[in-house]
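Coordinate inspection notes
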Amino acid sequence: ALLPKNMPKNMLRAFAFLALCSGGSAYMLAAAPRRMMARASQPAMAALPELYVYDHCPFCVRVRVALGVMGVDYKVVFMGNSDVETPTAMVGKKIAPIWKDDDGCMAESLDIIAKCDPNGSIKPASGRKDFKAWQKSVQTPMRKLCRPRYVMSPLVPEFTQKSGRDAFVANHQMPPFEKAEWKGNADMAIETKYGYYEAAFAESAASLAELNAKLLELDPLICCAECATEGGFSYDDVDLWARLRSLTLIKGIELPPKTKAYLAHYEKEGDVPLYYNMAI
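Because the structure is a prediction, the values reported are computed rather than measured.

**Quick notes on the packing of aromatic side chains**
Per the counting criterion, the structure on display carries 9 aromatic pairs. When the ring of Trp182 is compared with that of Tyr197, the centres are 6.2 Å apart and the planes differ by 40°; the resulting orientation is tilted. Taken together, the residues span a long stretch of sequence, with Trp182 in helix α10 (residues 179-182) and Tyr197 in helix α11 (residues 190-202) at a distance of 15 residues. With centroids separated by 5.6 Å and ring planes inclined at 75°, the aromatic side chains of Tyr262 and Tyr266 adopt a geometry described as edge-to-face. One end of the pair, Tyr262, and the other, Tyr266, are both in helix α14 (residues 257-269), 4 residues apart, so they sit about a helical turn from each other. The exposure class assigned to Tyr262 is buried, which follows from its relative accessible area of 0%. The buried category is assigned to Tyr266, whose relative accessible area is 3%.

This is the structure we're talking about:
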């Protein structure tokens, strides 16, 4: 569903390969924390805490990048987007991220991070309003560019099954619709919703030009590659980096130097891969 006619052969081959895999297992190895992979040949250790996530979800990425910077070991588990049973059994509803350790299960990204950082090594959020204002200003082009690409990407694990793609399209509106007009609207068939996603993808050039222009406004707001706000890694970075990561899924995105360096820095320090190699 929603495959561009000019999709590169390497991506078509990726789809064929994924058809042989179950539940996104091919991605599990590629996206598992490197420190876990490095220990694969070492003696067995006590079970690690588990973090249940959707790969594309910025709230899930918040936790992953924060834990990566802090060096917290954990097992990442990618849930299918149509999997209601797994999260509901743990916390009573379909939600992500979910942290599972000896104390039980908990949701809410910032609560999870706080539990894993009892000494407060991550600096508090600065309260800056410029980042929030910028994020709001790019909400429409980001949705029109990223949402179709999420469900088109063969290696995003929560969307490897059609049921997961359908669930996402059914619940995530495409501008100019508001959520109340889209989600649960019995008069709007899933085929109609896919049609709006396809139309948004067809308008990528215009949306990309708008977003690239807005990125020039963001670049001077970022302090440096190591932190968005002067003073070191903070909750400003936890939120901002998690939201900027999806930009790398968009082919043709023009990232200004500081923004590009910032993304690269926390890809390494936070141990969360960017999407460059699967950009559409």
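**Describing the pairing of strand β3 (residues 98-101)**
Where strand β1 (residues 50-53) meets β3, 3 bridges bridge the pair, whose relative direction is antiparallel. Across the sheet, the residue bridging to Tyr52 is Ile98, located in β3. Relative to strand β4 (residues 104-107), β3 runs antiparallel, the two sharing 4 bridges. Bridged to Asp101 within β4 is Gly104. Where β3 folds back onto β4 in an antiparallel hairpin, the turn is made up of 2 residues.

**Comments concerning the pairing of strand β2 (residues 75-78)**
Summarising the sheet, β1 and β2 pair through 4 bridges and their orientation is parallel. Note that in β2 the partner of Val53 across the bridge is Phe78. In terms of handedness, the path from β1 via helix α4 (residues 58-70) over to β2 forms a crossover that is right-handed.

**Some points on the sheet that holds β3**
The strand order across the open sheet built from 4 strands is β2-β1-β3-β4, with neighbouring strands paired in mixed fashion. Of all the strands in the sheet, just β2 and β4 have a single pairing partner and so form its edges. When the angles between neighbouring strand axes are averaged without regard to direction, this sheet yields 20°. Those strands touched by α4 are β1, β2 and β3, and its axis lies near 145° from that of β1. Across the sheet, helix α6 (residues 109-116) lies against β3 and β4, angled at about 130° from β4, the strand it touches most.

**Describing unusual backbone geometry**
With an omega of 5°, the peptide bond between Ala96 and Pro97 qualifies as cis. Residue placement: Pro97 occurs in the loop between α5 (85-91) and β3. In this structure, the amide linkage connecting Pro175 to the following residue, Pro176, adopts the cis form with an omega of 15°. If you trace the backbone, Pro176 turns up in the loop between α9 (162-171) and α10. In this structure, Glu108 is a non-glycine residue whose phi angle is positive, near 75°. A positive phi angle, near 60°, is found at Asp271, a position not held by glycine. Within the secondary structure, Asp271 sits in the segment after α14.

**Observations regarding the pattern of salt bridges**
If you walk through the whole model with that rule in mind, you get 11 salt bridges. The partner of Asp239 in a salt bridge is Arg243, with the nearest N and O atoms 3.0 Å apart. With Asp239 and Arg243 both in helix α13 (residues 235-244), this residue pair falls 4 residues apart, about one helical turn. On the accessibility criterion, Asp239 (11% relative accessible area) is buried. The structure contains a network of salt bridges with shared partners spanning Arg62, Lys132, Asp239 and Arg243.

**Brief notes about the packing of helix α8 (residues 139-152) against α11**
When two helices pack together, you describe them by how their axes are tilted relative to each other and by the distance separating the axes. At a closest axis distance of 9 Å, the pairing of α8 and α11 adopts a crossing angle of 115°. Crossing of α8 over α11 shows left-handed handedness. Across the interface between the two elements, Lys144, Arg147, Pro148, Arg149, Val151 and Met152 of α8 pack against Tyr197, Ala200 and Phe201 of α11. The residue makeup of the contact of α8 with α11, split by class, is 6 nonpolar, no polar and 3 charged.

Rules used throughout
Residues numbered from 1 in each chain as written. Predicted model: local features only at pLDDT ≥ 70, side-chain atom pairs only at ≥ 80, totals over all residues. Heavy atoms only, no water. Phe/Tyr/Trp six-rings, centres within 6.5 Å; stacked < 30°, edge-to-face > 60°. Helix = DSSP H or I, 4+ residues; strand = E, 2+ residues; numbered from the N terminus. Buried < 20%, exposed > 50% of the residue type's maximum accessible area, 1.4 Å probe, protein only. Pairing = 2+ DSSP bridges. Right-handed = clockwise from strand over helix to strand, strands pointing away. Axes fitted to C-alpha atoms, helices over the stretch in contact; angles between N-to-C directions. Contact = heavy atoms within 4.5 Å. Salt bridge = Lys/Arg side-chain N within 4 Å of Asp/Glu carboxyl O. Left-handed = near helix turned anticlockwise from the far one by under 90°. Nonpolar A, V, L, I, M, F, W, Y, C, P; charged D, E, K, R; others polar.

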